[in-house]
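Understanding the architecture of this molecule
So the chains spell out like this:
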Amino acid sequence: MTIIFPNAFAPSSASRDDAPVLVLDRAEPGREDELRRLRETVRRIERGSVASTAPSIPLDVPEIDAVLPDGGLAGGALHEIVPGDAAHDGAALGFTATVLGRIAAARRGQILWIHRQAGALTAPPYAPALAAFIDPARVILASSRRVEDALWTMEEGLRCGAIAAVVGEIDKVELAATRRLQLAAEKSGVPALLLRVAEKKSAAISAAVTRWRVTSAPSRSRLGADGESLDDIGGLRWRLDLLRNRFGDPARTETPSWLVEWTNEKGHLAVVSETVSRPHGAPAQRLAG
Amino acid sequence: MARRHKDWLAKTAALIGFHQGGPRIVAVNEHARSAGIRAGQRLADARTLVPDLTTAHAEPASDLKLLETLAGWCERYTPWVAIDPLGGALVDSGFEIDAAAELVDRMATATFGGDGGLMLDVTGCGHLFGSGIEGERALLADLTARLARHGFTARAAMADTAGAAWALARFAERQKDLLAPVAGHRALIAPLPVEALRLDATTAETLRRLGLRCIGDLLPMPRAPLSQRFGDLLVRRLDQALGSAAETIQPRLPAPAFRTRLAFAEPIGRAEDIAAATSRLLAALCGQFEKAGVGARRLELSLFRVDGSIERTAIGTGRPSRDNTHLMKLFQEPLSHLDAGFGVELMMLSAAAVEPFDTQQVALAHAVGGEVMQVQGSDASAALPARSDDTEVIQLVDRLTQRLGTANVVRLAPRASHLPERAVIALPVAKPAVRAGLWTKVAAYKGPRPTRLLAQPEAIQTTAQLPDDPPRQFNWRGSLHRLKRIEGPERLVDEWWQDSVSIEKVETAPSGRDYYRVEDEDGQRFWLYRDGPLNTPAVLPASRWYVHGFCA
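Residues numbered from 1 in each chain as written. Chains lettered and ligands numbered in written order. Predicted model: local features only at pLDDT ≥ 70, side-chain atom pairs only at ≥ 80, totals over all residues. Heavy atoms only, no water.

Across its full length, chain A carries seven helices and nine strands. Across the 289 residues that make up chain A, the buried fraction comes to 54%. Total accessible area on chain A is roughly 13300 Å²; 54% of this is exposed by carbon and sulfur atoms. (Helix = DSSP H or I, 4+ residues; strand = E, 2+ residues; numbered from the N terminus. Buried < 20%, exposed > 50% of the residue type's maximum accessible area, 1.4 Å probe, protein only. Areas by Shrake-Rupley, 256 points an atom, 1.4 Å probe, with all protein chains shown as cover.)

Written out as structure tokens, the structure reads:
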């Protein structure tokens, strides 16, 4: 069964102004209020009885935020991050930490990180590297061998409103489990991230609101003083695919995809234009390999 | 022993041990006693009295274990339970004892070389069974009845002093339990033999030879000559038995200061009932905490089953707590694994560790819009109001710890070490030991680090253009990675001050690792290192390459 979500009112960004229902006279304050109420009503209808009132968290990347409902990651909701394949685990972890950094800036409290010590994920995230994205002092790390314990821990964390965010690195998660997590997140308004392992099948069924696929991409080359591109690794680049965007624009058919770059110096994420931008004078054959 | 051999109850039986040049009787049962067999006799002499004497070897070690179990079981009456293995160790100093019950398991008398027993300080415990002397009588009756039900024959006595109770339990001529009236023990112990004073064999023998056969003979004698002739011990034992010298029972386990118990008329077995009872016990205990101004760090719940076994479980908290509902939540998990067996007749909750409860609880490090506030020392804690957020987080951590284990719920702190696997240390969450921003500082002076560090570095096969060069490609887990970018090396030398590295080795050939951050054609980033002696060509067989992590 296909569920179609009527979503014409959901996005508030300027990009939606071309939709006929939204052509309104901005000068009238009464209509603005009415519109807000109307949007809230639609939201409530769309998202079930437990409509989370938690504000959404913008990723501060305008191109991505424009696609997300309410201009950011939904606050009390479950979001999934999947590495392109097992070897892209480092990049997926990097993107998870980036998202956490945005959440940590928006919300107060501790971050609960659950790590299942089994399967492909034998080691917990490495704190010295996380320090670039979030303060590891704010992270409470919980490890467990059993999937049930890990899921229980996530749920307990999500029920505690004083927690800023809950991150789970759990490989085997059933649909029912994701539904439980989603409901717990909706209730408390605590955002939940689920870092899954790469699956062989195309897409597992899940109750998550968004699902991101992260693949590492060749980094930007840096130029030396003589104009030659250097051997070292420049800005970290990831390919992001928004595989699932519940409550997003239903009219959109293609999977949104971006090439993003994380710069440690600036400490933020930015979308890189896909056209090959070659610095003036740089030899073309170097880039081609 | 009789519990193991049910048929022994009808037979004339004895336990034997090998010492003093041959098998001797160590303990006897009721039939053997009436036949005139005594502990200490040679087995040959006993056989002349009773030719068909059933014998078995004494097992002191397992008997002591049994006594330990019994002592644990006796904690249902009082936390002050001591094992009296071989006729009493010296116990000096302590508080005044008002009443002491002595339990001697007759079969244990057999198994414990005739002297094994338990001492219970039941001061103020009688009221749980009735008022005044009646309560104490009921306690004593309850004790022997329950022991009898489990197959033990016990001789119990209760008196004002431990010494008197000991003497009465072992030497008094009677059929039933003996309860000495308050201040009436002097008259009762007077006719008992001098051995009842817990003396060594030589002293007792000397006394007998001098015609001092019973305690009553010693009572009127002046103390000074007695102590001169027989040493301090006799006089002290005499005073202890009479109550003029103090004697404390050293409990087997430290007695908890806070304790509640709940006895059931009918044994309970349903999980809901046990949970409800636990909740009631908790409520009572939290009331005690409130009065004393403390909070629990560790609670122990004991379930006394009808079959005499005890099921114990414990919970711990990160901060002292007297929050009824929170503590109950912590108990939920262990309670779900508890086995009630044939039913639970008594439950006891005791606080094994308490700490002063500070209503102004120290706040955890918490952030306001990315800016982290941090508590440093006690001076800052006073200024911060108690935060409900923190309490919530602490309680969450307690719940997680209860289920996952202490080692599995941690906060990560930097450690001063160059080696990446040693650079992180896990600390208990409750300790706000990591200063905010410390991690950023630590990360700033280190090279690039992987987002995930493999627990065990994985060996790889590499190909390099020149012997000294870093690899151009490597084979890892069956796939070939051609490298496009290489960053490094970052040289990390072995920490010679660690035990695992010998100083001689460092002096002759300093070894260490050269770390590289590399990127392959697909953009995957790895953290590789070369291990081996430094300053030698990389192609030497001594140097090996490893993958140590994945970079973002």
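This next bit is on the packing of helix 10 (residues 223-230) of chain B against helix 11 (residues 232-242) of chain B. Residue and element names in this part refer to chain B. Remark: helix 10 packs on helix 11, axes separated minimally by 6 Å, with the N-to-C direction vectors making an angle of 130 degrees. Between helix 10 and helix 11, the interaxial angle falls into the category oblique. Listed contacts from helix 11 to Arg223, Leu226, Ser227 and Phe230 of helix 10 are Asp232, Leu234, Val235, Leu238, Asp239 and Leu242. Of the residues belonging to the contact of helix 10 with helix 11, the class tally is six nonpolar, one polar and three charged. (Axes fitted to C-alpha atoms, helices over the stretch in contact; angles between N-to-C directions. Parallel < 35°, antiparallel > 145°, perpendicular 65-115°, else oblique. Contact = heavy atoms within 4.5 Å. Nonpolar A, V, L, I, M, F, W, Y, C, P; charged D, E, K, R; others polar.)

All names here are of chain B. Across its 22 residues, helix 12 (residues 271-292) extends 31 Å between first and last C-alpha, which sits within 8% of the 32 Å expected from 1.5 Å per residue. Taken as a whole, helix 12 has its buried residues at Ile274, Ala277, Thr278, Leu281, Leu282, Leu285, Cys286 and Phe289. Tucked into the core, helix 12 has its buried residues touching strand 9 (258-268), strand 10 (294-305), strand 11 (310-321), helix 13 (324-337) and strand 12 (344-356). In the stretch just after helix 12, Gly293 is the one whose phi turns positive, near 70 degrees. (Expected span 1.5 Å × (residues − 1).)

So, about the interface of chain B and chain A. Each partner contributes to the interface: chain B provides 58 residues, whereas chain A provides 61 residues. Both faces considered, chain B and chain A share a buried interface measuring about 4900 Å² in area, 57% of it formed by carbon and sulfur atoms. Here B:Arg403 ties to A:Asp149 by a salt bridge, and the two come within 2.7 Å at their closest N and O atoms. If you tally residues by element for the side of chain B that touches chain A, the top one is helix 15 (residues 388-404) of chain B, at nine residues. Counted by class, the side of chain B that touches chain A contains 30 nonpolar, nine polar and 19 charged residues. Sheet topology places strand 3 (residues 139-144) of chain A next to strand 15 (residues 409-414) of chain B; three bridges connect them, and they run antiparallel. Each residue of the ladder has a partner; that of A:Ala142, found in strand 15 of chain B, is B:Val409. (Buried area = accessible area lost by both parts, 1.4 Å probe. Salt bridge = Lys/Arg side-chain N within 4 Å of Asp/Glu carboxyl O. Pairing = 2+ DSSP bridges.)

Residues and elements named next belong to chain A. If you trace the backbone, Ala207 turns up in the loop between strand 5 (192-195) and strand 6 (210-217). A C-alpha to C-alpha distance of 5.1 Å links Ala207 and Arg179, two positions 28 residues apart in sequence. Each residue touching Ala207, except ones within four places of it in the same chain, is listed here: Leu175, Thr178, Arg179, Gln182 and Arg246.

Under the defined criterion, the tally for this structure stands at 13 aromatic pairs over all chains. Considering the side-chain rings of A:Phe133 and A:Trp262, the 4.5 Å spacing of their centres and the 40 degrees angle between planes classify their relative orientation as tilted. Here A:Phe133 is found in the loop between helix 4 (127-130) and strand 3, whereas its partner A:Trp262 is found in strand 8 (residues 257-263), with 129 residues between them in sequence. Side by side, A:Phe133 and A:Trp262 carry an identical accessibility label, which is buried. Three or more aromatic residues joined by ring pairs make a cluster, and in this case those are A:Phe95, A:Trp212, A:Trp238 and A:Trp258. Cation over ring: B:Arg229 sits above B:Phe230, and NZ or CZ is 4.9 Å from the ring centre. Positioned over the ring face of A:Trp152 is B:Arg403, at 4.5 Å from the centre of the ring. (Phe/Tyr/Trp six-rings, centres within 6.5 Å; stacked < 30°, edge-to-face > 60°. Lys NZ or Arg CZ within 6 Å of the ring centre and 35° of its normal.)

Attention now goes to unusual backbone geometry. We note that A:Asp60 has phi near 65 degrees; this positive angle belongs to a residue other than glycine. According to the relative accessible area criterion, A:Asp60 is partly exposed, its value standing at 43%. Located in the positive-phi region is B:Arg477, a residue other than glycine, with phi close to 50 degrees. When you line up the elements, B:Arg477 lands in the loop between strand 18 (473-476) and strand 19 (479-493). Judged by its relative accessible area of 60%, B:Arg477 is exposed.

All names here are of chain B. Running from N to C, helix 12 and helix 13 point in directions that differ by 145 degrees, and their axes come no closer than 10 Å. In the crossing of helix 12 with helix 13, the sense of the turn from one axis to the other is right-handed. For the pair formed by helix 12 and helix 13, the contact residues are Ile274, Ala275, Thr278, Ser279, Leu282, Ala283 and Cys286 on the first element and Asn324, Leu327, Met328, Phe331 and Leu335 on the second. (Left-handed = near helix turned anticlockwise from the far one by under 90°.)

To continue, consider the pattern of salt bridges. All names here are of chain B. The final tally for this structure, using the stated rule, is 32 salt bridges over all chains. We note a salt bridge from Arg477 to Glu458, for which the minimum N-O separation is 2.6 Å. With Arg477 in the loop between strand 18 and strand 19 and Glu458 in strand 17 (residues 452-463), this residue pair connects regions lying 19 residues apart in the sequence.

A few words now on the nonpolar core. All names here are of chain A. Ile64, Phe95, Trp212 and Trp238 are the most contacted members of the largest nonpolar core, which has 60 residues in total. The element best represented in this core is helix 3 (residues 89-106), accounting for nine residues. Within the second largest apolar cluster, 31 residues are counted, among which are Ala142, Ile170, Val173 and Leu181. (Core = buried A, V, L, I, M, F, W, Y, C linked by side-chain atoms within 4.5 Å.)

What follows covers the sheet that holds strand 6 of chain A. Within the open sheet, the eleven strands sit side by side as 9(A)-8(A)-7(A)-6(A)-1(A)-5(A)-4(A)-2(A)-3(A)-15(B)-16(B). Their pairing is mixed. One side of each edge strand has no neighbouring strand; the edge strands of this open sheet are strand 9 (268-271) of chain A together with strand 16 (424-428) of chain B. Between one strand axis and the next, the sheet turns through 30 degrees on average, direction left out of account. Bridge count for strand 2 (residues 110-116) of chain A against strand 3 of chain A is six bridges, and the pairing is parallel. By the bridge assignment, A:Arg116 is partnered in strand 3 of chain A with A:Ser144.

Attention shifts here to the side chain of A:Thr215. The topology assignment puts A:Thr215 in strand 6. For A:Thr215, the contacting residues outside a window of four places in its chain are A:Gly84, A:His88, A:Ala91, A:Arg237, A:Trp238 and A:Arg239.

Time to look at helix 3 of chain A. Three or four residues apart is the spacing at which side chains of an α-helix point the same way, because the helix has 3.6 residues per turn. When the terminal C-alpha atoms of helix 3 of chain A are compared, their 26 Å separation across 18 residues agrees well with the 26 Å that a helix rising 1.5 Å per residue should span. Within helix 3 of chain A, 15 of the 18 residues are buried, leaving the element largely enclosed by the surrounding structure.

Residue and element names in this part refer to chain B. Taken together, six strands build a closed barrel; the order of strands is 17-18-19-20-21-22 and the barrel is antiparallel. Neighbour to neighbour, the strand axes of the sheet diverge by 45 degrees on average, direction disregarded. The pairing of strand 18 with strand 19 spans four bridges and is antiparallel. Its bridge partner being in strand 19, Asn475 is matched across the sheet by Leu480.

Residues and elements named next belong to chain B. When you tally the buried positions in strand 15, you get six out of six residues, the bulk of the element. In the sheet, strand 15 pairs with strand 16 via five bridges, with the strands oriented antiparallel. Bridged to Pro414 within strand 16 is Val424.

Residue and element names in this part refer to chain A. For chain A, mean pLDDT is 78; residues scoring 70 or higher make up 75% of the total. Under a pLDDT of 50 for its full length, residues 6-24 has, in the predicted model, 26 contacts with residues more than four places off or in other chains. Contacts of residues 281-289 to residues separated by more than four positions or lying in other chains number seven contacts, the stretch itself having pLDDT below 50. (pLDDT = per-residue confidence, 0-100.)

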